[in-house]
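Okay, here's what each chain looks like letter by letter:
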Amino acid sequence: MFEAKVRAEIPAFLWWMLNVYQIPEEHSDPRRYNVATFHHPELKQNLESLSPEAELLDLIDLTLVNDLTVGTCWITAQDLERRIRENHHRRADTIFTYRQACAKYLHRLSQKRPERVTKGRTGFANGWNIHPKISPMEGVEGEN
């Protein structure tokens, strides 16, 4: 009985959707069938953690641990790849599958995580500024 009532209302619902309903502005995107995409934040974060650039950032933190304790570290993509391969060759082989992979992943990181990676140039070479991790408790004052 319920199913029959739902089926009977489908034509009226479709007419309303096609002739009356307007997509709210905050859910509209003209590039994609006029409907904005939605990415669940937790799922998006989990998927991004599987990306090669996320793996590179993890390897950077392991490889440059001593350099980053002092502050920001400037390094070229080639030198970074060499240092990572020296210390973590198996993991490096899984992400550095072509010649410019390290530079490409650093570029992606500079877009996704600008607080950690920025492009830098000296008088002689292009390189990358790798910024240390900011601990979650840094900058939080304790209770008195």
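Just so you know, the residues in each chain are numbered from 1, in the order the chain's sequence is written. Thresholds applied to this predicted model are a pLDDT of at least 70 for local features of residues and 80 or more for the giving and counting of side-chain atom pairs; totals over whole chains, interfaces and linings are not thresholded and use all residues. Water and hydrogen atoms play no part in the side-chain values, which are based on all heavy atoms of the structure.

This brings us to the environment of Glu-48. In DSSP terms, a helix is any run of H or I states spanning at least four residues, a strand is any run of E spanning at least two, and both are numbered starting from the N terminus. Relative to the elements of secondary structure, Glu-48 occurs in helix α2 (residues 41-48). Along the chain, Glu-48 and Asp-29 lie 19 residues apart, while their C-alpha atoms are 23 Å from each other.

Here we take up the nonpolar core. Ranked by internal contacts, the top residues of the largest apolar core, which has 22 residues, are Leu-56, Ile-60, Leu-80, Leu-106 and Ile-130. Mapped onto this core, the elements with two or more residues apiece are α3 (52-63), β1 (73-75), α5 (77-87), α6 (89-95), α7 (101-112) and β3 (126-130). When residues of this core are assigned to their parent elements, the largest contribution, 5 residues, is made by α7. The contact criterion used is simple: two residues touch if any of their non-hydrogen atoms lie within 4.5 Å. With residues up to four places along the chain from it excluded, the contact list for Leu-56 reads Leu-80, Ile-84, Ile-95, Phe-96, Cys-102, Tyr-105, Leu-106 and Leu-109. Within this scheme, the nonpolar core is defined by two criteria: the residues are buried Ala, Val, Leu, Ile, Met, Phe, Trp, Tyr or Cys, and they are joined through side-chain atoms within 4.5 Å. Partly exposed residues are those whose accessible area sits between 20% and 50% of the maximum for their type, while under 20% is buried and over 50% is exposed, using a 1.4 Å probe and protein chains only.

Helical periodicity: at 3.6 residues per turn, an α-helix aligns residues three or four positions apart in one direction. With 12 residues, α3 extends 16 Å from end C-alpha to end C-alpha; this agrees with the ideal 16 Å at 1.5 Å per step. For α3, the full list of buried residues reads Glu-53, Leu-56, Leu-57, Leu-59, Ile-60, Asp-61 and Thr-63. Looking at the buried side of α3, the elements it contacts are α4 (65-70), α5, α6, α7 and β3. Here the expected span of a helix is defined as 1.5 Å times the quantity of residues minus one.

Take the confidence of the model for the protein next. Confidence of the predictor at the level of single residues is captured by pLDDT, which takes values from 0 to 100. Of all residues in the protein, 93% have pLDDT values of 70 or greater, and the mean over the chain is 88. A low-confidence stretch, residues 137-144 (pLDDT under 50), is modelled with 0 contacts involving residues beyond four sequence positions or located in other chains.

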